[in-house]
Amino acid sequence: MPPGWGAHFAPWRTAFAAAYPWLEKIHLKRMSITDDDLAQLSHSFPSIKELTLVCCDGFGTSGLAVLASRCRQLRVLDLIEDEVEDDELYRLMVRAPQLTHLGTGSFKPQENWVHGDQEPDYRAAFAACKSLVCLSGFREVVPDYLPVIHPVCANLTSLNFSYANVNAEEFKSVICHCHKLQTLWVLDTVRDEGLEAAAATCKDLLELRVFPVDPREDSEGFVSEVGLLSIAEGCGKLKYILYFCQRMTNDAVKAMSKNCPDLVVFRLCIMGRHRPDPVTNQPMDDGFGAIVENCKKLTRLAVSGLLTDRAFDYIGKYGKLVRTLSVAFAGDSDMAVKYVLEGCSNLQKLEIRDSPFGDSALRGGLHHYYNMRFLWMSACRLTLQCCREISQAMPQLVVEVFTSRPEEIKDEDEHGDTLYMYRSLEGPRNDAPSYVRIL
């Protein structure tokens, strides 16, 4: 967090302890928390069962260990993107073998370990955590340490390797034991071979997220249509998929639409711009069309790759339950947006970036904007004049235009960099930075 961020947990703990001493679940984000805060939390909320800390700092596992040892009902301890100063996962696990969800720790030799001293027996510690079903938070993983989690793999329903740079062989040595897994997050370093192993083992998989170790558009990319097809053929219960890759085929996407009809979320992110099907050199229209046609429960969709207006015609025609749509580098003309706004009656959130949509597309949604939570369009072809017209026609919406230049835009026909239009009970904000113009 930035220096001087504030957001100290201590005053919050004091206030909540007096009013709600029976709290069972606490979820904190971007706050400063000390080890003493964690120790005091165990006194203030003795019945706490779940603690989740997201992007917090100032504490170490010594404070967490005190909390875990005192709060015997604690079942969920999840640390997401936190800076833990000392790596004492072993001590934490020994004190809290009752945990069902554990999200902390690096798996590597201790830096202050003295030769001759006995190293922590991680394998025994994991073996003692007989209730553990959710494991995450891996940041640094030395391959020799991966086998220590084998004792809990058979019972795991959730495994998060999204920060662990493990290769295919290392991943396969773990995933082959995870027959009950329902949620899996990984980096693309597991490659298609790793996803094939997951598909062969995890028949109850409901959610898969594959993140890129290198998010640049021109990166190599380690997974492809081969991995997606394996998941489609092996994990028929899948409901949620987020998949970053550099290449994809219509056939693989069609296979997923047929084999995974219960999909609720389909987010395919082909990182390179305007990438066609590499086998046929055709747009990805038919693949995404199959997803919205065959997956009747779909509520969230992210599209990418080379797409024409035909793909958006499919979305408007079949995506009747879609509430969130994300678009990047896609479409031929303003008709693409019109198809979506006219057909997707349940649309709540529309995010568009780097696409050739202009004023006509924006005007085409006047009938629907009051029903939406927000519209975001960046690097498109919207003029300030059109944005102003929308603001005047729909005064209950907040319309913001972002510019990359500090000077005021005077030419009404000039393009704004980003449009952000949203509903707000409070009305326009009063803390907008200089590059944000509220119309």
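Criteria and thresholds
Residues numbered from 1 in each chain as written. Predicted model: local features only at pLDDT ≥ 70, side-chain atom pairs only at ≥ 80, totals over all residues. Heavy atoms only, no water. Helix = DSSP H or I, 4+ residues; strand = E, 2+ residues; numbered from the N terminus. Buried < 20%, exposed > 50% of the residue type's maximum accessible area, 1.4 Å probe, protein only. Contact = heavy atoms within 4.5 Å. Polar contact = N/O pair within 3.5 Å; in protein donor to acceptor, adjacent residues only side chain to side chain. Salt bridge = Lys/Arg side-chain N within 4 Å of Asp/Glu carboxyl O. Phe/Tyr/Trp six-rings, centres within 6.5 Å; stacked < 30°, edge-to-face > 60°. Pairing = 2+ DSSP bridges. Right-handed = clockwise from strand over helix to strand, strands pointing away. Axes fitted to C-alpha atoms, helices over the stretch in contact; angles between N-to-C directions. Parallel < 35°, antiparallel > 145°, perpendicular 65-115°, else oblique. Nonpolar A, V, L, I, M, F, W, Y, C, P; charged D, E, K, R; others polar.

Caption draft 1: Up close: the side chain of Ser224. Among the secondary structure elements, Ser224 is positioned in the loop between β8 (207-211) and α9 (225-234). Assessed through its relative accessible area of 9%, Ser224 is described here as buried. Apart from the residues lying within four places of it in its own chain, the contact partners of Ser224 are Asp192, Tyr243, Arg247 and Met248.

Caption draft 2: Geometry of the environment of His150. Tracing the backbone shows His150 in helix α6 (residues 150-153). Once the C-alpha coordinates of His150 and Glu351 are considered, the two residues, 201 residues apart in sequence, prove to be 41 Å apart. Residues within four places of His150 in sequence aside, it is in contact with Arg123, Ser173, Val174 and His177. From its side chain, His150 meets the backbone oxygen of Ser173 in a polar contact 3.2 Å long.

Caption draft 3: Layout of the pattern of salt bridges. By the definition in use, this model includes 14 salt bridges. Among the ionic pairs, Lys172 bridges to Glu169, the shortest N-O distance being 3.0 Å. Of this pair, Lys172 and Glu169 both sit in helix α7 (residues 168-175), three residues apart, which is roughly one turn of that helix. With relative accessibility at 27%, the residue Lys172 sits in the partly exposed group. For Lys297, the salt bridge is made with Asp262, and the minimal N-O distance between the two is 3.1 Å. Taken together, the residues Lys297 in the loop between α11 (285-294) and β11 (300-303) and Asp262 in the loop between α10 (250-259) and β10 (265-270) connect sequence positions 35 residues apart. Under the relative-accessibility criterion, Lys297 is labelled partly exposed at 45%. Given a relative accessible area of 28%, Asp262 falls into the partly exposed group. Taken together, the salt bridges that share partners define one network made up of Asp285, Asp286 and Arg310.

Caption draft 4: Region of the structure containing α11. Extensive coverage of α11 is indicated by the burial of seven of its 10 residues. Listed as buried for α11 are Asp285, Gly287, Phe288, Gly289, Ala290, Ile291 and Val292. Elements that come into contact with the buried residues of α11 comprise α10, β10, β11 and α12 (309-318).

Caption draft 5: Structural context of unusual backbone geometry. With a phi angle near 55°, Cys55 is a residue other than glycine that sits in the positive phi range. As for its placement among the helices and strands, Cys55 is situated in the loop between β2 (50-54) and α3 (61-70). With a phi angle near 55°, His274 is a residue other than glycine that sits in the positive phi range. Looking at the element boundaries, His274 is found in the loop between β10 and α11.

Caption draft 6: Spatial organisation of the packing of aromatic side chains. Counted under the stated rule, the structure contains 13 aromatic pairs. Relative to Tyr145, the ring of Tyr122 lies with its centre 6.1 Å away and its plane at 65°, an arrangement referred to as edge-to-face. With Tyr122 in helix α5 (residues 122-128) and Tyr145 in the loop between β5 (134-136) and α6, the pair connects residues that are 23 residues apart, well separated along the chain. Overall, Tyr122 belongs to the buried group, its relative accessible area being 4%. Residue class for Tyr145 comes out buried when judged on its relative accessible area of 14%. Here Phe161 and Phe171 contribute two aromatic rings whose centre-to-centre distance is 6.4 Å and whose plane-to-plane angle is 65°, an arrangement assigned as edge-to-face. With Phe161 in strand β6 (residues 158-161) and Phe171 in helix α7, this pair connects stretches of sequence that are 10 residues apart. For Phe171, a relative accessible area of 1% puts it in the buried group.

Caption draft 7: Quick peek at the pairing of β10. Within β10, six of the six residues are buried, leaving the element largely enclosed by the surrounding structure. The alternating pattern of β10 places Val265, Arg267 and Cys269 and Phe266, Leu268 and Ile270 on opposite faces, both of which are buried. Both strand β9 (residues 240-245) and β10 contribute to a ladder of six bridges, which runs parallel. The residue bridging Tyr240 from the neighbouring strand is Val265, located in β10. Across three bridges, the pairing between β10 and β11 is parallel. Each residue of the ladder has a partner; that of Phe266, found in β11, is Leu301. The handedness of the β10 to β11 crossover, carried by α11, is right-handed.

Caption draft 8: Main features of the pairing of β2. Most of β2 is tucked away, with four of its five residues classed as buried. With five bridges connecting them, strand β1 (residues 25-29) and β2 associate as parallel partners. Residue pairing across strands places Lys29 opposite Val54, the latter belonging to β2. In this fold, the crossover linking β1 to β2 by way of helix α2 (residues 35-44) has right-handed handedness. Crossover handedness for the path β2 to α3 to strand β3 (residues 76-80): right-handed.

Caption draft 9: Up close: the packing of α11 against α12. With their axes 9 Å apart at the nearest point, α11 and α12 run at an angle of 5° to one another. If you check the angle between α11 and α12, you find them roughly parallel. Between α11, through Asp285, Asp286, Gly289, Val292 and Glu293, and α12, the contact on the second element is made entirely by Arg310, Ala311, Tyr314, Ile315 and Tyr318. Classifying every residue of the contact of α11 with α12 by side-chain character gives five nonpolar, one polar and four charged.

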